[in-house]
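The residues making up each chain are set out below.
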Amino acid sequence: MLRPEYPIETARLTLRPFAETDFDALHAYQKLPEVARYLYEGPREPAETAEALERRIARTSLEKAGDVLVLAVVLRETGELLGEVNLCWLSESNRQGEFGFVFNPAFHGNGYAGEAAVEMLRLGFDGLGLHRIIGRCEARNTASARLMARLGLRREAHFVQNEFVKGEWNDEVVFAMLATEWADARP
Ligand SMILES: CC(C)(COP(=O)(O)OP(=O)(O)OC[C@H]1O[C@@H](n2cnc3c(N)ncnc32)[C@H](O)[C@@H]1OP(=O)(O)O)[C@@H](O)C(=O)NCCC(=O)NCCS
């Protein structure tokens, strides 16, 4: 079980649970086709973002395998909501997890996603005691793959046309990090 203390502060960022007041900033990127391009869902209509926000507000801890924790990432200096990071507890017996990240393109290319995603690895390994954390992306999602490689995850697999998403067959790339690798490389 993992019930982190919030907020989580990094050099430039504040990670905290989503709140009702985040709707505009959340929809600003959830509505964008370029953000949804390699995600399973979206781009979202306002009503869909509202539902997504309600789910996010409730997802602040990992009580059991299958739970997902989602945090809003805020630029401390300006208070702007940049995007979100998440951590899913995949398996208790195998101590496996998965992390993810979605950011507003207005803030891409500054290292913010990496700075926030590291905190998901830290929660997973140091907080929950996971043995292995994976990240998955569509094979054409080079920004996501670069980010995971930069964080020190190993590219473990490339599945060919294993998913049918938004009307087409997708390839999936899987990255992973072990707790021992985290201990060696922890930022
Ligand atoms: C995946 C995603 C979050 C990556 O965002 P990003 O801004 O490229 O990632 P980072 O915040 O780590 O920034 C890295 C870039 O900033 C640059 N950068 C600038 N200042 C930096 C700093 N202080 N520290 C680290 N990197 C810095 C890096 O050189 C790098 O540039 P590059 O990708 O051209 O090599 C973003 O593309 C996104 O939200 N995509 C849409 C949603 C999505 O597909 N999510 C993933 C689903 S699997």
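Being a predicted model, the structure only gives us computed values, none of them experimental.

The rules behind these values
- Residues numbered from 1 in each chain as written.
- Predicted model: local features only at pLDDT ≥ 70, side-chain atom pairs only at ≥ 80, totals over all residues.
- Heavy atoms only, no water.
- Helix = DSSP H or I, 4+ residues; strand = E, 2+ residues; numbered from the N terminus.
- Buried < 20%, exposed > 50% of the residue type's maximum accessible area, 1.4 Å probe, protein only.
- Contact = heavy atoms within 4.5 Å.
- Areas by Shrake-Rupley, 256 points an atom, 1.4 Å probe, with all protein chains shown as cover.
- Lys, Arg positive; Asp, Glu negative; His and termini not counted.
- Charge placed at Lys NZ, Arg CZ, Asp CG, Glu CD.
- Salt bridge = Lys/Arg side-chain N within 4 Å of Asp/Glu carboxyl O.
- Phe/Tyr/Trp six-rings, centres within 6.5 Å; stacked < 30°, edge-to-face > 60°.
- UniProt positions renumbered as here; feature names shortened; annotations may be inferred.
- 1 Å grid on protein atoms, 1.4 Å probe; cavity = no way out; pocket = protein on both sides within 12 Å on 5 of 7 lines; lining within 4 Å.
- Points joined across faces, edges and corners; volume = space filled by probe spheres on them.
- Nonpolar A, V, L, I, M, F, W, Y, C, P; charged D, E, K, R; others polar.
- Core = buried A, V, L, I, M, F, W, Y, C linked by side-chain atoms within 4.5 Å.
- Polar contact = N/O pair within 3.5 Å; in protein donor to acceptor, adjacent residues only side chain to side chain.
- Disulfide = S-S within 2.5 Å.
- Near = heavy atom within 4 Å.
- Sits in = over half its atoms within 2 Å of the grid points.

Caption draft 1: Molecular detail of the overall build of the chain. A count of helical and extended segments in the chain gives six helices and eight strands. Secondary structure of the chain in N-to-C order comes out as β-β-α-α-α-β-β-β-α-β-α-β-β-α. Projected onto its principal axes, the C-alpha positions of the chain cover 40 × 40 × 30 Å. Counting only residues that meet the buried cut, the chain has 47% of its 187 residues in that class. If you take every contact in the chain between residues at least 6 apart in sequence, the share linking residues at least 24 apart comes to 60%. Total accessible area on the chain stands at roughly 9,500 Å², and carbon and sulfur atoms take up 51% of it. Where the 22 positive side-chain charges of the chain centre and where its 29 negative ones centre are 4 Å apart.

Caption draft 2: Fine view of the pattern of salt bridges. Applying the stated criterion across every chain, the model contains 17 salt bridges. A salt bridge links Glu63 to Arg3, with the nearest nitrogen and oxygen atoms 2.8 Å apart. Here Glu63 is found in the loop between α3 (46–58) and β3 (68–75), whereas its partner Arg3 is found in the segment before β1 (8–9), with 60 residues between them in sequence. Where Arg136 meets Glu172, a salt bridge forms, and the shortest distance between an N and an O atom there is 2.6 Å. Of this pair, Arg136 sits in strand β6 (residues 132–138) while Glu172 is found in strand β8 (residues 168–178), placing the two residues 36 residues apart along the sequence. Beyond isolated ion pairs, a larger network of salt bridges with shared partners links Arg37, Glu138, Arg140 and Glu168.

Caption draft 3: Representation of the packing of aromatic side chains in the model. Throughout the structure, instances matching the rule amount to three aromatic pairs. Seen in terms of ring centroids, Phe99 and Phe101 are 5.4 Å apart; in terms of plane orientation they differ by 90°. Their pairing is edge-to-face. When its relative accessible area of 4% is taken as the criterion, Phe99 is described as buried.

Caption draft 4: Molecular detail of the UniProt feature "domain: N-acetyltransferase" (unreviewed entry) in the chain. As recorded in UniProt, the sites labelled "domain: N-acetyltransferase" (unreviewed entry) are residues 13–180. The annotated region residues 13–180 carries 31% helix and 36% strand content, and the separation between its end C-alpha atoms amounts to 26 Å.

Caption draft 5: Just the layout of surface pockets, in detail. Approximately 1,400 Å³ is the volume found for the largest pocket. Along the wall of the largest pocket there are 48 residues; nearest its centre are Leu39, Gly100, Phe101, Val102 and Asn141. Sorting elements by how many residues they give to the lining of the largest pocket places strand β5 (residues 96–103) first, with six residues. In terms of residue class, the lining of the largest pocket is built from 20 nonpolar, twelve polar and 16 charged.

Caption draft 6: Region of interest: the nonpolar core. Core analysis: the largest hydrophobic core is formed by 39 residues, its most contacted members being Leu15, Val85, Phe99, Phe103 and Met120. Those elements that place two or more of their residues in this core are β2 (13–16), β3, β4 (81–91), β5, α4 (112–127), β6, α5 (142–150) and β8. Among the elements that make up this core, the one with the highest residue count is α4 (nine residues). Grouped together as the second largest cluster of nonpolar side chains are eleven residues, Leu26, Val35, Val70 and Val74 included.

Caption draft 7: Representation of the side chain of Glu98 within the structure. Relative to the helices and strands, Glu98 is located in strand β5. Polar side-chain contacts of Glu98 include one of 2.9 Å to the side chain of Arg136.

Caption draft 8: The state of the cysteines, seen in detail. Scanning the model with the defined rule gives zero disulfides in all. The closest cysteine sulfur to the non-disulfide-bonded Cys88 is located on Cys137, 17 Å from its own sulfur.

Caption draft 9: Structural view of the site of the ligand. Taken together, the neighbourhood of the ligand is formed by 21 residues, with Phe101, Phe103, Gly109, Ala113 and Asn141 sitting nearest. Backbone polar atom of Phe103 to an oxygen atom of the ligand: 2.8 Å apart, as the coordinates give it. The contact in question runs from an oxygen atom of the ligand to an N or O atom on the side chain of Arg146, over 2.9 Å. One can see that the ligand is located within the largest pocket. Contributing elements (two or more residues each) for the shell around the ligand: β5, α4, β6 and α5. Considering every element that reaches the shell around the ligand, the biggest residue donor is α5, with five residues. Partitioning the shell around the ligand into residue classes produces ten nonpolar, seven polar and four charged.

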